[in-house]
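Breakdown of the fold
What follows is the residue order along each chain.
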Amino acid sequence: MNDQKNPGGAHVAVAKGKPSVALLVTCLVDLFRPAVGFAAVKLLEEAGYEVKVPEQGCCGQPNYNNGDRQGARAMARGTIERFSGYDYVVVPSGSCAGMLRIHYPALFEPGSKDQQQAEDLARRTYELTSFLYDIAGVTEVQAQLSATATYHDGCAGLREMRVRDQPRALLASVGGLEIAELSEPEVCCGFGGTFCVKYPDVSDRITEKKIADIRNTGADYLLAGDLGCLLTIGGKLHRDGSTITACHVAEVLAGMAEADSDADD
Amino acid sequence: MTSRDAILTKIRNARSNAAAQIKPADDVGIHPQATPAGDLLGQFIELARAEVATVDELGTVAEVPAAVARYMEEQGLGNQLVLGPDPQLGDLDWQSIASLKCSQESPHPDGDTVITACYAAVADSGALVVVSSPDHPVELNFLPANHIVVLRRDQVLEDFERLWTQLRQDYAGKPWPRCINLIVGPSRTADLGFPPKMGAHGPGRVHILVV
Amino acid sequence: MQTTSLKFRQLASQALADETLRTALGDVERIMPVIRNSALDQLENPEAWFDRASASRDRTLAELDVYLEAFEQKVQQLGGHVHWAADGTEACEIIAGICETAGARTVTKSKSMVTEEIELNAFLESRDMTVVETDLGEYIIQLRGERPSHILAPALHVTLSEVAETFHRHHDLERAAPLREPTEMLLEARAVLRDRFLSADVGITGANFLVAETGGVVIVTNEGNADLTASLPDTHIVVTGIEKVVPTLEDAGLMLRLLARSAAGQRLSTYTTLIHGPRRAEDSSGPSNFHVVLLDNGRSDMLGTQLQEMLRCIRCSACINHCPVYTAVGGHAYGSVYSGPMGAVLTPGLAGLHAAAHLPNASTFCGRCEEVCPVRIPIPKMLRYWRDREFERRMTPRSVRYGLDWWTHMNASPRIYRSLLGIAARLLRGLSSRGWITRLPGPGRAWTRYRDMPTPAGQTFQHQWRRTRGRAGES
Ligand code: SF4
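Residues numbered from 1 in each chain as written. Chains lettered and ligands numbered in written order. Predicted model: local features only at pLDDT ≥ 70, side-chain atom pairs only at ≥ 80, totals over all residues. Heavy atoms only, no water.

**Remarks on the sheet that holds strand β2 (residues 50-52) of chain A**
Residues and elements named next belong to chain A. Put simply, the test is: Whether two strands pair comes down to DSSP finding at least two bridges between them. We count a stretch as a helix when DSSP gives it H or I for four or more residues in a row; a strand needs E for two or more, and each element gets its number in order from the N terminus. Orientation is described by lines fitted to C-alpha atoms, with helices fitted over the stretch in contact, and by angles between N-to-C directions that extend from 0 to 180 degrees.
Spatially, 4 strands are ordered β2-β1-β3-β4 in an open sheet, and the strand pairing comes out parallel. Strands with a single pairing partner mark the edges of an open sheet, and in this sheet they are β2 and β4 (125-127). Within this sheet the neighbouring strands show an average axis-to-axis angle of 30 degrees, counted without direction. In the sheet, strand β1 (residues 20-23) pairs with β2 via 3 bridges, with the strands oriented parallel.

Here it is as structure tokens:
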């Protein structure tokens, strides 16, 4: 790997070969949907990056969002240490990317060494689709999927990481894929991390409305960039007996969506 | 220690920290001057109409009595008109309109038709501005069922900022008017479902005569 | 301030089962964002206006004492009185005292969340005064003995047929024909309240802004009820929070541009009124006595802390109308006069964290509140602030605290984390049938009560990666 500290960009690394991307795969992908991780690796490698998967754990969001700053700090320190030295850190999740980009720096004393390191990591951290589109300059992919899909904007990706147009632009290049927009793509799906188990009935009502919106589009696939949203919506779609498949954007972009839905049956 | 002192002391004690909470703002821009396009009157009329006021463009102020009679007839508002104490309106030739019964009395609680002058209008929000005075008691704007307002063309201002400036000039060295009312169309309520229903506690009709 | 926020879970469940409430909230969710957006689009670059407005609020809060004293002085010069109340009880005492001096039997009120906060009506009634709310929505819930379910549309939860039924019962209309149309109900309320306006001894209003420059009190309504409340009785009392002061008329104009647009999709509310003191010697009408009661009630405690930005709030309710939790459960579930995101931040500040423990947690952190707030209040950050305090004070349920602690330990070593995930994947596969888990034990039960969970697809990503890409892929 490229050991040189390079917070500013890829240029130093390019001189030495391919720029390096460290993948933070996230707990949910790691456990529930490894295919999303492999899809991300494929997309990043095709875009010309050297992909590494450092040793890793949870980014600390559950702790941070439940008031446990100390625990969150401990996990942040671990992540900061293990992800230092790569040109970029890419995350197939808007909310975990937001944790690294927005919230890690806020966890530490302003001006402290921890905070400087957190800032350094924050500058190198990207959500997957925005990295591909904004940084890697990928404007089209080779994938095929003959279906109609709709796209849900995960809240943290949208509002913390400014992910909105990038996944749509990339999805537009998928052969055979029609995108039918939701009437309210920017409204929460009800997941909210631990919220969905702390207030399950409230969460369910929010998901119910999201699903009504999804059904109205007539789509075969529900796509999103966050597995939290997908588990929530997909889990309820399945409970309702719906045939709509919830799928991560990365899987579609990497041409791995159909294979995966077969495996589910 | 009185509550006044206690509260102010707490605020002052927090002040050094309070200042620290403020994030640097590039430009506070505290005197924003949105300048709408040329035709102020046109813009005002368009917005006032959008807010359910009705507007009649006249020539001179002398045409007001006839225009009022016409409006009241069209709307079926009877023949009782309250002029209020304003001599500007009282001096018009109401006699010539035989069908109208004018009085200076305060409006009847059940609602009447009242005509008043105004201080200004704000083009960018469609608001009439009325200012209270012995000639224009504030309740004239709120008690009647129908409010007819005479607006001079030269009274239309671009925005709030011009209004504040003009008020400061007109009331320099004098106390501020007791009530300054910005009025946008008829009274309405959103408490009985959407869309809002017209004619809540205030006038159900606002008719503007531009002279 | 009384709250029933500790019963959030239960109240929320009840609200979820209420179909008529669901319809009303559906309208809020469907209509409000659309009309708000189109109203803001009338402003060139609304985001720049948000910046100016939040900067203006910050400038005021940084020197709040200066502006409050300036305001006080101006009001006194105009012949009015300013009172300072440290808490709700003191405010109620001051107001009751003024009413008693005026010999008041009937008091009219225009809608004021601050008077809800201090529970003024009950206090005045206990002193043998009749209090009449004049905002139509507030009047309806007063008759029904309910609390507001929205800061601007207090009777949002009441259906039209319930309004008709309420008027029939309370207006002695038993033998009259039923009220069918909203306009009939409006005329009925207008007629009854007209008499109240004209016979009231004291009128009490809130304030949207206090202008330090002129001593003016800005009050905004669509019905015109605040103006009748303020101008017909011989005494007018304004009750408001200390944070409502703005330095100049320009600041007020800035806020007014954003308030009506954010609140109701209007350019400007129907009536925006600036009141300067009592009637003048030459006036033929207007109140002879003019009082302003400035309420602290926990507000100054927020200054200089991470909660300070909450004091920028202009009570526009945009955060409420755009909140997925509010539009699912409505205002009553929050158990506080302030509901939705702003209420979840304010209520613990005003009533104490112990009285409001659920509220900061009842958010998905979707961040839409912050996005729509015209004064850019970082509401999620403030909810996190309260969650941090709850954790510190061990108010977070023990199971959650232990769970988080355990999770931190499991994450101390990536190796342990990896094997933990491997075990979890195996356990979950054991519960699965045909790719899905329909029933989970323990904390997972809350998940499978409403939704299924997909079975982990094979081994964990990290396991597969290490196997297939081996050392080459590791750092
Ligand atoms: S917090 Fe912001 S959006 Fe919510 S009511 Fe206050 S000013 Fe409006």
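**Re the interface of chain A and chain C**
The cut-off we apply is this: The contact criterion used is simple: two residues touch if any of their non-hydrogen atoms lie within 4.5 Å. Once two parts are joined, some of their accessible surface, as seen by a 1.4 Å probe, is lost; buried area is that loss totalled over both. Counted as salt bridges are all cases of a side-chain nitrogen of Lys or Arg within 4 Å of a carboxyl oxygen of Asp or Glu. Residues adjacent in sequence count toward polar contacts only when both atoms are side-chain atoms; beyond that, a polar contact is any pair of N or O atoms within 3.5 Å, and within protein one must be able to donate a hydrogen and the other to accept it. Following the grouping adopted for this structure description, the nonpolar residues are Ala, Val, Leu, Ile, Met, Phe, Trp, Tyr, Cys and Pro, the charged ones are Asp, Glu, Lys and Arg, and the polar ones are all others, Gly among them.
The partner chain C presents 68 residues to the 67 residues of chain A that form the contact. Carbon and sulfur atoms supply 56% of the area that chain A and chain C bury against each other, a total of about 6000 Å² over both sides. The largest per-residue losses of area from chain A upon contact with chain C belong to A:Tyr199, A:Arg205 and A:Arg239, which jointly make up 11% of the total buried on that side. Counting the contacts that link chain A with chain C gives 9 salt bridges. For A:Arg159, the salt bridge goes to C:Glu371, with nearest N and O atoms at 3.0 Å. One can count 32 residue pairs in polar contact (both at pLDDT 80 or more) joining chain A with chain C. For the side of chain A that touches chain C, the element with the highest residue contribution is helix α12 (residues 200-217) of chain A, accounting for 10 residues. Grouping the constituent residues of the side of chain A that touches chain C by class yields 31 nonpolar, 17 polar and 19 charged.

**Quick look at the confidence of the model for chain B**
Residues and elements named next belong to chain B. Keep this limit in mind: Note: pLDDT gives the predictor's confidence per residue, expressed from 0 to 100.
With 87% of its residues at a pLDDT of at least 70, chain B reaches an overall mean of 88. Predicted confidence in chain B is weakest over helix α1 (residues 3-21), with a mean pLDDT of 82, and strongest over strand β9 (residues 179-183), with 98. Segment residues 23-28: pLDDT under 50, and 7 contacts once partners within four positions in sequence are set aside and those in other chains are kept. Across the interface, the model reports ipTM at 0.94; the global pTM reads 0.94.

**A look at helix α13 (residues 227-239) of chain A**
Residue and element names in this part refer to chain A. Stated formally: One less than the number of residues in a helix, times 1.5 Å, gives the span that helix is expected to have. Only protein chains enter the accessibility calculation, which uses a 1.4 Å probe; a residue whose area is less than 20% of its type maximum is buried, one above 50% is exposed, and one in between is partly exposed.
With 13 residues, α13 ought to run about 18 Å at 1.5 Å a step, and its terminal C-alpha atoms sit 17 Å apart, in line with that. For α13, the buried fraction is high: 11 of the 13 residues fall into the buried class. All of the buried residues in α13 are Leu227, Gly228, Cys229, Leu230, Leu231, Thr232, Ile233, Gly234, Gly235, Lys236 and Leu237. At the C-terminal side of α13, Gly241 shows a positive phi close to 80 degrees.

**Quick word on the domain arrangement of chain A**
Residue and element names in this part refer to chain A. Inclusion rule: Where each domain begins and ends follows an automated or database-derived domain assignment.
Each assigned domain of chain A is listed with its residue range as follows: domain 1 (2-134) and domain 2 (140-261). Distance between the C-alpha centres of domain 1 and domain 2: 23 Å. The partner domain 2 presents 28 residues to the 31 residues of domain 1 that form the contact. Across the domain 1 to domain 2 interface the summed buried area is about 2200 Å²; carbon plus sulfur atoms make up 68%. At the boundary of domain 1 with domain 2, the tally comes to 11 residue pairs in polar contact (both at pLDDT 80 or more). Of all the elements in the fold, those that place two or more residues in the side of domain 1 that touches domain 2 are α2 (27-32), α3 (34-46), α6 (94-107), β4 and α8 (128-135).

**Side note on the sheet that holds strand β12 (residues 205-210) of chain B**
Note: strands within a sheet are paired through backbone hydrogen bonds, in either parallel or antiparallel orientation. All names here are of chain B. The sheet built from 6 strands is open, its strands ordered β1-β12-β7-β4-β2-β3 with parallel pairing. What marks the edges here is a single partner per strand, and that holds for β1 (54-57) and β3 (101-103). Across the sheet, the mean angle separating the axes of adjacent strands is 25 degrees when strand polarity is ignored. Pairing analysis gives 6 bridges linking strand β7 (residues 146-151) to β12, with the strands arranged parallel. Each residue of the ladder has a partner; that of Leu151, found in β12, is Val210. The sheet contacts of helix α3 (residues 64-75) involve β1, β2 (80-82), β4 (113-117), β7 and β12, and relative to β12 the element is tilted by about 150 degrees.

**Quick look at the site of the ligand**
For the record, the criterion: The rule for a residue being near a molecule or strand is that one of its heavy atoms must lie within 4 Å of it.
Around the ligand, the surrounding shell holds 13 residues, and the nearest of these are C:Cys313, C:Cys316, C:Ser317, C:Cys319 and C:Cys373. When its residues are assigned to classes, the shell around the ligand shows 11 nonpolar, 1 polar and 1 charged.

**Side note on the interface of chain B and chain C**
Between chain B and chain C, the contact holds 66 residues from the first and 88 residues from the second. When chain B packs against chain C, the two sides together hide about 6600 Å² of surface, and 60% of this comes from carbon and sulfur. Applying the counting criterion to the chain B and chain C interface returns 10 salt bridges. Salt-bridge contacts for B:Arg12 lead to C:Glu69; the nearest nitrogen and oxygen are separated by 2.8 Å.

**Comments concerning the arrangement of the chains**
Looking across the 2 pairs of chains in contact, one finds the most contacts between chains B and C. Separated throughout, chain A and chain B approach each other most closely at a C-alpha pair spaced 14 Å apart.

**Observations concerning the pattern of salt bridges**
Applying the stated rule across the entire model yields 53 salt bridges over all chains. When the shortest N-O distance is used, the salt bridge between C:Arg22 and A:Glu208 registers 2.8 Å. Here C:Arg22 is found in helix α2 (residues 19-41), whereas its partner A:Glu208 is found in helix α12 on a different chain. Residue class for A:Glu208 comes out partly exposed when judged on its relative accessible area of 29%. Notably, a salt bridge pairs C:Glu165 with C:Arg169, separated by 3.0 Å at the nearest N-O pair. Of the two residues, C:Glu165 and C:Arg169 both sit in helix α9 (residues 160-170), 4 residues apart, roughly one turn of that helix. Classification of C:Glu165 by relative accessible area gives partly exposed; the value is 36%. With a relative accessible area of 46%, C:Arg169 lands in the partly exposed category.

**Section: the confidence of the model for chain A**
For chain A, the average pLDDT comes to 92, and 91% of its residues sit at 70 or higher. A low-confidence stretch, residues 1-15 of chain A (pLDDT under 50), is modelled with 31 contacts involving residues beyond four sequence positions or located in other chains.

**Describing the pairing of strand β6 (residues 216-221) of chain C**
Residue and element names in this part refer to chain C. Most of β6 is tucked away: 6 of the 6 residues are buried. Here β6 shows a buried face lined by Gly216, Val218 and Val220 and a second buried face lined by Val217, Ile219 and Thr221. Note that strand β5 (residues 209-211) and β6 share 3 bridges and pair antiparallel. By the bridge assignment, Val211 is partnered in β6 with Gly216. If you look at the hairpin formed by β5 and β6, you'll find 4 residues sitting between the two strands, and Gly215 has a positive phi there, around 75 degrees. Pairing of β6 with strand β9 (residues 271-275) involves 5 bridges; the strand directions are antiparallel.

**What about the environment of B:Asp191?**
Mapped onto the elements, B:Asp191 comes out in the loop between β10 (188-189) and β11 (197-198). Classification of B:Asp191 by relative accessible area gives buried; the value is 12%. Note: C-alpha distance between B:Asp191 and B:His147 (44 residues apart in sequence) is 23 Å. Every residue in contact with B:Asp191, bar those within four places of it in the chain, is listed here: C:Asp135, C:Leu136, C:Gly137, C:Ala153, C:Pro154 and C:Glu223. Side-chain polar atoms of B:Asp191 contact the backbone nitrogen of C:Gly137, separated by 2.6 Å.

**A few points about the state of the cysteines**
Put simply, the test is: By disulfide we mean two sulfur atoms from cysteines, separated by a distance within 2.5 Å.
As enumerated under the stated definition, the model contains 0 disulfides over all chains in all. You can see A:Cys189 has no disulfide; the closest cysteine sulfur is in A:Cys229, sitting 4.0 Å from it. For A:Cys189, a relative accessible area of 3% corresponds to the buried category. No disulfide involves C:Cys323; its nearest neighbouring cysteine sulfur is the one of C:Cys366, lying 6.5 Å away. A residue is classified by how much of its surface remains accessible, and C:Cys323, at 11% relative accessible area, is buried.

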